[in-house]
Amino acid sequence: RELEQGYAKGVLVDGRTVEVQRKPPASYGYDHVCDEHQTQSEIFESVGVPVTDAFLEGYHGCLIAYGQTGAGKTFTMQGPSDDLDEGGTGGTASLASLDSTSARDGAESAESAEDPEAQGLIPRVLQRIFQRVEDEKAGVGVPEGEPAPVDVAFTVKCSYLEIYNEQVADLLAPPDADARAARAAPQIREHDKRGVFVEGLTEALVTSAEETYDLFTRGSFNRRVGQTEMNRESSRSHAVFTVTLESRRRAFPGAALQKRNATLHLVDLAGSERQKATEAGGARLKEASAINKSLSALGNVIKALVDVAEGKERHVPYRD
């Protein structure tokens, strides 16, 4: 779309740095930089695989899509959108259905809707989680010479929330007459042992990648989207899809039961906006103000965490 409108590429990428083409040029360094030619598979290998494997080993993880509106965050996280009717009712979705979905906008239309390469991070992460779970249950991957555990069990749960105009909503609330009230019910709490959690949030027990992605898709129907001048289907809320894994292992009969718990957050943030570019007004302008305010607060938290990691004494403003 931008090329059709006469825009030229304003940045150069070489794998770990981004150079902004201006006078004078500005260069920024990162762990890894993906340009517009990077495939979904390559992004998953460089970002998704390390975080997912650490999660399976018992470490908490988080994948966040952050950037300007229309940059392709939702496409990177989900892949092409399913061809469902506007009311959010249309049939159930599955991982396999991604192979025949339609493109969402200009950024997505470059990928063939029938190309499995278009699968986003979330379906790929779910496939890897449940494949590893099945492998461990079957004793696949046990080092040669070591006995396979005699008792291996996994419990996987998922939840899905959105933050819209600074209000938390449950996207997996049951679709009944009280659904709107149920979605608006969750409250953020803090516990000595659990840490920060969302009270009243629906948590579903799942047994396969397909079942989990189906829940994710149905929850996405409830997410708020709207049209702006920069994006035909702009996400108007931040969405957090959370997968919780509890594993129980017993190395041999009579051995102590080993338990591990880990949480993986898959976050699709609403895009930062400039009112002049999006031509937002009324409710869209109010949404944009809330989006930019929350993204600014997130940026301050990340900056403070970086300073703490470098040995500086800083207050981390989580509550903002």
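Residues numbered from 1 in each chain as written. Predicted model: local features only at pLDDT ≥ 70, side-chain atom pairs only at ≥ 80, totals over all residues. Heavy atoms only, no water.

This part takes up the pattern of salt bridges. Scanning the entire structure with this criterion turns up 15 salt bridges. Residue Lys312 is joined to Glu310 by a salt bridge in which the shortest nitrogen-to-oxygen separation is 3.9 Å. By relative accessible area, which is 55% here, Glu310 ends up exposed. Connected via shared salt-bridge partners are Asp53, Glu57, Arg128, Arg132 and Arg260. (Salt bridge = Lys/Arg side-chain N within 4 Å of Asp/Glu carboxyl O. Buried < 20%, exposed > 50% of the residue type's maximum accessible area, 1.4 Å probe, protein only.)

Applying the stated criterion across every chain yields a total of 4 aromatic pairs. Residues Tyr160 and Phe216 carry aromatic rings whose centres are separated by 5.1 Å and whose planes lie at 25° to one another, so their mutual orientation is stacked. Within this pair, whereas Tyr160 is found in strand E5 (residues 151–164), its partner Phe216 is found in helix H6 (residues 209–221), the two being separated by 56 residues in sequence. Accessibility expressed as a relative area gives 1% for Tyr160, which makes it buried. One aromatic cluster is present, built from ring pairs that chain together Tyr160, Tyr213, Phe216 and Phe241. (Phe/Tyr/Trp six-rings, centres within 6.5 Å; stacked < 30°, edge-to-face > 60°. Helix = DSSP H or I, 4+ residues; strand = E, 2+ residues; numbered from the N terminus.)

Turning our attention to the nonpolar core. Membership of the largest hydrophobic core comes to 35 residues, with the highest contact counts inside it found for Phe55, Ile129 and Phe241. At the level of elements, helix H1 (40–56), strand E4 (61–65), helix H4 (121–138), E5, strand E9 (204–206), H6, strand E12 (238–250) and strand E13 (258–268) are the ones that each hand at least two residues to this core. Sorting elements by how many residues they give to this core places H4 first, with 7 residues. In this structure Phe55 touches Ile129, Val243, Thr244, Leu245, Ala262, Thr263 and Leu264, once residues within four positions along its chain are discounted. Membership of the second largest hydrophobic core comes to 9 residues, among which are Val240, Val267, Ala270 and Ile291. (Core = buried A, V, L, I, M, F, W, Y, C linked by side-chain atoms within 4.5 Å. Contact = heavy atoms within 4.5 Å.)

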